[in-house]
Amino acid sequence: MSDLAKEINKRRTFAIISHPDAGKTTLTEKFLLYGGQINLAGSVKGKATARHAVSDWMDIEKERGISVTSSVLQFEFDGCCINILDTPGHQDFSEDTYRTLMAADSAVMVIDGAKGVEPQTRKLFRVCGRRGIPVFTFINKMDRDARDTFDLLDEIEKELGIATCPVNWPIGSGKEFKGVYDRKNRNIVEFADTQKGTKEGTETVISLDDEAASVAAIGEEARKQLLSEIELLDGASEEFDQEKVNAGKLSPVFFGSALTNFGVEIFLHNFLQMTSSPLPRKADTGVIDPVDKGFSAFVFKIQANMNKAHRDRVAFMRICSGKFTAGMDVFHVQGGKNVRLMQPQQMMAEERHVVSEAYAGDIIGVFDPGIYSIGDTLCTPGDKFKYAGIPTFAPEHFARVRQVDTMKRKQFVKGIEQIAQEGAIQIFQEENYGMEEIIVGVVGVLQFEVLQYRLKNEYNVEIKLDQLPYEFIRWIADRDIDLDTITGTSDMKKVRDLKGRPLLLFVNSWSIGMTLDRNEGLVLEEYSENEA
Ligand code: G4P
């Protein structure tokens, strides 16, 4: 195997998704602990940055000149080079959270065992589902009282529409949590509350078939219950099937407790075997193999510098094939010319550092003088292909934006269009209105404040925002439709996006149904694939 193939084959690039508080940060910290990246868990990001208020967030952004929410953590474990893409959550949940998933080869879904499937997990999962990204489930906090295991799995299957296959099975929960049962090896891995922050876990392994030893470990009652649960499980659950996992149709499920460091190592070992190294990706000219082709990458995120003194931006790209070397010239397909990738950097825990080389599967951020857009492809000069665009995700909050000082129209329009081009917000114009009033749509409400802050700081424009009641947006499949011909409900709004595509905004799902009933043949789409 060539050196290039070896490097690429050891890459594993995945995103961690969860609802806030399920334990994503804690689990990530434990992963890094195993990778030897940090000595003590807890230093990935302090709680202060994880739950920052808006003003703190701005300060952090300014200080570092880069988003705290864009970290990619890289470490080695079990002979693999692992890239973890952190998906921004909490208040700064935004379109970037969705876009990050586009750069991952698989996703790890962390679920709180007491809460089950929560709204943010559901949203992120739907994006994985649409893309067929393999999803692995880690049911966390088993050291606390958890819901019935069968119920939890049932909920995942029903709510998310994916089959589950427990790789291990919890023995009790909360105070009665005894450990997990490893189904493949028929072993009990006994729970021991390891010292917080260390990786010296004492996971004793006992064969379930050794009756005396297993009774001694978990007690007679728990063993009896485990045996009956296994019987039920073996009869009812799906068998492990790698093909189905790869297609995102079956989620291997693991149980553990990230805080006490239990079940994390078992998860990592199994996960690394079940997930794949970077796979060939579809481009407009055919499938691009990660090893056979030269360098190629696509931009999935653009981060503006919040510091007024440095108006540069960083474009984050996922390398899809070949090798990147610092200072190399590449062909920017959408721009139609060769560019040199400047100041390449990778994020490692809290720091960013300059990279001299990177391979398919890795994520790098490069200096962007304002030439890249989300979804752009870069490849080796001489090649010319485009990776499929990144879809536009439906905003969930809308506001009408007006400038306070109408004399600053030019700056206002320029600022708002640039911020929209970076993908932080989406802008819409009311049908038959000009740019006097603009409707802004965002995935996370924090983006409204970011918009206000940036327009003031970077463009010296003050704006007034009036939140609008719309919650649902639908693109109209027929791009050439005459919007005047649509009969909707009185609370519906007809708008167009930056590309002139016709859309409808609705206050509730009932109005969507009514509008569909009133307009025969009307086809509405929940999200829009970016059309170049
Ligand atoms: P997030 O990134 O998904 O938002 O979750 P995070 O890891 O920050 O965890 C949220 C809270 O849940 C934290 O408690 C964390 O310590 C706790 N937690 C995470 N994993 C486990 C687990 O396996 N068992 C138990 N019992 N708790 C867990 P906190 O009180 O909000 O913060 P802290 O004061 O502990 O730092």
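Residues numbered from 1 in each chain as written. Predicted model: local features only at pLDDT ≥ 70, side-chain atom pairs only at ≥ 80, totals over all residues. Heavy atoms only, no water.

S.K.: Explain the sheet that holds strand 24 (residues 397-403) to me, please; I cannot follow it from the model alone.
M.R.: Strand pairs in the sheet, formed through backbone hydrogen bonds, run parallel or antiparallel to each other. Taken together, 8 strands build an open sheet; the order of strands is 27-24-26-25-29-30-28-31 and the sheet is antiparallel. Whereas interior strands pair on both sides, the edge strands pair on one side only; in this sheet they are strand 27 (463-468) and strand 31 (524-525). Strand direction decides the pairing type here: strand 24 and strand 27, joined by 6 bridges, are antiparallel. Counterpart to Q403 in the pairing with strand 27 is I463. Contacting strand 28 (472-476), strand 30 (502-506) and strand 31, helix 14 (residues 509-518) runs over the sheet at an angle of about 130 degrees to strand 30. (Pairing = 2+ DSSP bridges. Helix = DSSP H or I, 4+ residues; strand = E, 2+ residues; numbered from the N terminus. Contact = heavy atoms within 4.5 Å. Axes fitted to C-alpha atoms, helices over the stretch in contact; angles between N-to-C directions.)

S.K.: Please clarify how the nonpolar core should be interpreted in this entry.
M.R.: When a protein is soluble and globular, its nonpolar side chains tend to lie buried together. Core analysis: the largest hydrophobic core is formed by 84 residues, its most contacted members being L101, L226, F295, F324, L341, Y372 and L378. For this core, the element with the most residues is strand 15 (residues 313-321), which contributes 6 residues. If you count residues domain by domain, this core takes at least three from each of domain 1 (3-67 + 105-274) and domain 2 (281-379). The residues touching F295, leaving out its near neighbours within four places in the chain, are I319, S321, G322, K323, F324, M328, V330, L341, L378, C379 and T380. Residues A22, F75, V167 and M274 belong to the second largest nonpolar core, which totals 30 residues. (Core = buried A, V, L, I, M, F, W, Y, C linked by side-chain atoms within 4.5 Å. Buried < 20%, exposed > 50% of the residue type's maximum accessible area, 1.4 Å probe, protein only. Domains from an automatic or database assignment.)

S.K.: Is there a simple way to explain the environment of F506 in this structure?
M.R.: With respect to the element layout, F506 can be found in strand 30. Spatially, the C-alpha atoms of F506 and T489 are 8.6 Å apart, while their sequence positions differ by 17 residues. The contacts of F506, once residues within four sequence positions are left out, are Y470, E471, F472, R474, M492, S511, I512, T515 and L524.

S.K.: In this structure, what is going on with the pairing of strand 7 (residues 168-171)? I would like to understand it.
M.R.: Look at any regular strand and the pattern is simple: side chains alternate between the two faces of the sheet. The side-chain alternation of strand 7 yields two buried faces, one formed by N168 and P170 and the other by W169 and I171. Note: strand 7 against strand 8 (residues 179-182), 4 bridges, orientation antiparallel. Each bridged residue has a counterpart across the sheet, and for I171 the counterpart in strand 8 is G179.

S.K.: When you look at the packing of aromatic side chains in this model, what are you seeing that I'm missing?
M.R.: Note on aromatic pairs: each is described by the distance of the centres and the angle between the planes. Overall, the coordinates contain 18 aromatic pairs when judged by the stated rule. Taken together, a centroid distance of 4.8 Å and an interplanar angle of 90 degrees make the contact between F254 and F267 edge-to-face. Pair noted here: F254 is in strand 11 (residues 250-255) and F267 is in helix 11 (residues 264-274), with a separation of 13 residues, a long-range link. Here the two residues F254 and F267 agree in accessibility, since each one is buried. With a centroid separation of 6.5 Å and 80 degrees between ring planes, the pair formed by F398 and Y470 is classed as edge-to-face. Of the two residues, F398 is situated in strand 24 and Y470 in the loop between strand 27 and strand 28; the sequence distance between them amounts to 72 residues. Pair check on accessibility: F398 and Y470 agree, each one buried. Aromatic rings pair up to connect F14, F31, F136, F138, F254, F267 and F271 into one cluster. (Phe/Tyr/Trp six-rings, centres within 6.5 Å; stacked < 30°, edge-to-face > 60°.)

No statement about biological role is implied by the geometric values presented.
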